[in-house]
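# Analysis of the macromolecular model
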Amino acid sequence: MIKNKYSVIGVMSGTSLDGVDVIYVQFELDKIWHFEIIHSETVAYNSSWEKTLRNLVTYDTAELQHIDKDYTDYLSSVIKDFINKNNIKTIDAISSHGHTALHKPERGITYQIGNMPTMAKSLSETVVCDFRVQDVELGGQGAPLVPIGDKLLFSKYDFCLNLGGFANISTELNNKRIAYDVCPVNIVLNHYAKLIGFNYDDGGKIAATGSLNDELLDKLNSLIFYKENYPKSLGLEWVNEHIFPLIDAFQLETKDILRTFVEHIAIQLAREINKKEQGSVLITGGGVYNNYLITRLKQYSKHKIIIPSNTVVEFKEALIFGLLGVLKLRDEINCLQSVTGATKDHSSGKIYLP
């Protein structure tokens, strides 16, 4: 039923493997969309799940299907606990991204685990999920999907920049929303921080003590991906093939790797932002808390940097996947041709009834 108010649970798991982001959010349409996040939580992965998810690209199809079932059950239990803990009574839908296992859109492949119909049955709620597949079938990248939310919820900013496992950016160009992945961020920074016993480089403090390696920086900035036009997207496979071997060949101390890669990120982000002479940049995602990275970005770009409330910083993607579910329920466009390169705008995702 089409209405103007929706109460939704949005669920997101990203490539940085921080955990499962779960929010309870209310959307209201009054000429434009408004939102209020009522409850939010990140449920950290245990070491077993983190290891499994980190190595998804190494499994064959049969193994992935088995993991898919287990992960769907796991997500269902996380959501059920969240509902019970917060005594949530009114739910129009649960809108879930799942977790990306494979993403090779150039081969027509994208696979998100945790999107099986059993979730709707076990939770006794309507579930909207699996948002990427249809877009890839229509010739698109299947990513990024967040820009429709940037357009509908955060249109007052010139750029929306998310710093998660990867950095992605969205903006308006010639009255069309465009968006694309810029470069890896936490997927690389966290990988090297873990080698010296940290889950992440808190505030970028380790990077700040390192030395810049100009040769590595030049090689990173020269990667072909950065010369390609949008639409374009990145995945763990690309990092495994192009980033880790390149960095590891230099045999640097971890602090120098982190210092150099932070510089690389800042240069690539500024390169995109500076395509407009001036404007405001809304930055969200875990990378916001890397103070050193933000400082380096400000060094390369004079745009106005806006960091919103911690709730929006940490849960913006879960928020927008909640909105994607609402748009799908309304049979409205939630996937933009101008962003993904698909043959048309469309309403993507699958709806499972309990």
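Just so you know, the residues in each chain are numbered from 1, in the order the chain's sequence is written. Reporting in this predicted model follows two pLDDT cut-offs: at least 70 for local features of residues, and 80 or more for side-chain atom pairs to be given and counted; totals over whole chains, interfaces and linings ignore these cut-offs and use all residues. Processing note: side-chain calculations cover all non-hydrogen atoms of the structure and skip hydrogens and water entirely.

Turning our eyes to something else, we now look at the nonpolar core. Throughout, nonpolar core names a set of buried Ala, Val, Leu, Ile, Met, Phe, Trp, Tyr and Cys residues whose side chains join them through atoms within 4.5 Å. Only protein chains enter the accessibility calculation, which uses a 1.4 Å probe; a residue whose area is less than 20% of its type maximum is buried, one above 50% is exposed, and one in between is partly exposed. Grouped together as the largest cluster of nonpolar side chains are 48 residues, with contacts concentrated most on Leu161, Leu163, Val188, Ile243 and Ile247. The greatest single-element share of this core, amounting to nine residues, is contributed by helix α10 (residues 254–273). Every residue pair with non-hydrogen atoms within 4.5 Å of one another is taken to be in contact. If near-sequence neighbours (up to four positions away) are discounted, Leu163 is found in contact with Val185, Asn186, Leu269, Ile283, Thr284, Gly285, Gly286, Gly287, Val288, Leu293 and Ile294. Core analysis: the next-biggest nonpolar cluster, separate from the first, contains 33 residues, Tyr6, Val8, Val326 and Leu336 among them. A helix here means a DSSP run of H or I that spans at least four residues, while a strand means a run of E at least two residues long, and both kinds are numbered starting from the N terminus.

A word on the packing of aromatic side chains. The aromatic pairing rule takes the rings of Phe, Tyr and Trp, using the six-membered ring of Trp, and pairs them if the centres are within 6.5 Å, calling planes under 30 degrees apart stacked, those over 60 edge-to-face and the rest tilted. Summed over the entire model, instances satisfying the criterion amount to 14 aromatic pairs. Each ring, one from Tyr6 and one from Trp33, has its centre 6.3 Å from the other, and the planes form 45 degrees; the classification is tilted. Taken as a pair, Tyr6 in strand β1 (residues 5–13) and Trp33 in strand β3 (residues 32–43) lie far apart in primary sequence, 27 residues in all. Among the residues examined, Tyr6 registers a relative accessible area of 3% and is labelled buried.

Another point: the sheet that holds strand β8 (residues 159–163). Paired strands are those between which DSSP finds at least two bridges. Spatial strand order, β10-β9-β8-β11-β12: five strands in an open sheet with mixed pairing. Sheet topology places β10 (176–184) and β12 (304–306) at the edges, where each strand pairs with a single neighbour. Across the sheet, the mean angle separating the axes of adjacent strands is 20 degrees when strand polarity is ignored. Note: β8 against strand β9 (residues 166–173), five bridges, orientation antiparallel. Of the residues in β9, the one forming a bridge with Asn162 is Asn168. Axes here mean lines fitted to C-alpha atoms, for a helix over just the part in contact, with angles spanning 0 to 180 degrees between N-to-C directions.

Our focus in this paragraph is α10. Along its 20 residues, α10 runs 28 Å from first to last C-alpha, staying within 8% of the 28 Å computed at 1.5 Å per residue. Most of α10 is tucked away, with 17 of its 20 residues classed as buried. By definition here, a helix of n residues has an expected span of 1.5 Å times n minus one.

On to the side chain of His303. Looking at the secondary structure, you find His303 in the loop between α11 (291–300) and β12. Any pair of N or O atoms that falls within 3.5 Å is considered a polar contact. Within protein, one atom must be able to donate a hydrogen and the other to accept it, and sequence-neighbouring residues count only if both atoms are side-chain atoms. At a separation of 3.2 Å, a polar atom in the side chain of His303 contacts the main-chain carbonyl oxygen of Ile273. Apart from residues no more than four positions distant in its own chain, His303 is found in contact with Phe159, Ile273, Asn274, Lys276, Glu277, Gln278, Gly279 and Val281.

Turning our eyes to something else, we now look at the environment of Asp158. In this structure, Asp158 sits in the loop between α5 (147–153) and β8. Taking relative accessible area as the criterion, Asp158 reaches 31% and is therefore assigned partly exposed. Sequence separation of Asp158 and Val281 is 123 residues, and the distance between their C-alpha atoms is 6.0 Å. Once residues lying within four places of it in the same chain are set aside, the contact partners of Asp158 are Ser170, Thr171, Glu172, Lys276, Gly279 and Ser280. In terms of polar contacts, Asp158 uses its side chain to reach the backbone amide nitrogen of Ser280, at 2.8 Å.

Here the focus is the sheet that holds strand β13 (residues 350–352). Spatial strand order, β3-β2-β1-β4-β7-β13: six strands in an open sheet with mixed pairing. In this open sheet, the two edge strands, each paired with only one partner strand, are β3 and β13. Going from strand to strand, the sheet's axes swing by 25 degrees on average, the running direction of each strand aside. Sheet topology note: the β1/strand β4 (residues 93–96) ladder contains four bridges and is parallel. Across the sheet, residue Ile9 finds its bridge partner in β4, namely Ile94. The sheet contacts of helix α12 (residues 310–329) involve β1, β2 (20–30), β3, β4, β7 (127–129) and β13, and relative to β2 the element is tilted by about 55 degrees.

In this section: unusual backbone geometry. Following Ala143, the chain continues into Pro144 via a peptide bond in cis, with omega recorded as -15 degrees. When you line up the elements, Pro144 lands in the loop between α4 (133–137) and α5. Put simply, Tyr230 and Pro231 share a cis peptide bond, and its omega is 0 degrees. With respect to the helices and strands, the residue Pro231 is situated in the loop between α8 (214–221) and α9 (236–248). For Asn175, which is not a glycine, the phi torsion comes out positive at approximately 65 degrees. Counting through the fold element by element, Asn175 comes out in the loop between β9 and β10. Under the relative-accessibility criterion, Asn175 is labelled exposed at 74%. The phi torsion at Asp331 lies on the positive side, around 55 degrees, for a residue other than glycine.

Running from N to C, helix α6 (residues 186–195) and α9 point in directions that differ by 50 degrees, and their axes come no closer than 11 Å. In terms of orientation, α6 and α9 fall into the oblique class. Along this stretch, α6 crosses α9, giving a crossing that reads as right-handed. Judged by residue contacts, Ile187, Val188, His191 and Tyr192 of α6 engage Leu236, Val239, Ile243, Phe244, Ile247 and Asp248 from α9. Each residue gets one label: Ala, Val, Leu, Ile, Met, Phe, Trp, Tyr, Cys and Pro are nonpolar, Asp, Glu, Lys and Arg are charged, and the others, such as Gly, are polar. When grouped by side-chain class, the residues that make up the contact of α6 with α9 number eight nonpolar, one polar and one charged. These descriptions rest on fixed angle ranges, namely under 35 degrees for roughly parallel, over 145 for roughly antiparallel, 65 to 115 for roughly perpendicular, and the rest for oblique. Each crossing gets its hand from how the near helix is turned against the far one by less than a right angle, where anticlockwise is left-handed and clockwise is right-handed.

Let us look at the packing of helix α1 (residues 47–54) against helix α2 (residues 61–85). The interhelical angle for the contact between α1 and α2, taken along N-to-C directions, is 135 degrees, at an axis separation of 12 Å. Relative to α2, the element α1 lies oblique. Here the hand of the crossing between α1 and α2 comes out left-handed. The residues of α2 that touch α1, namely those facing Trp49, Thr52 and Leu53, are Ile67, Asp70, Tyr71 and Tyr74. Looking at side-chain class alone, the contact of α1 with α2 contains five nonpolar, one polar and one charged residues.

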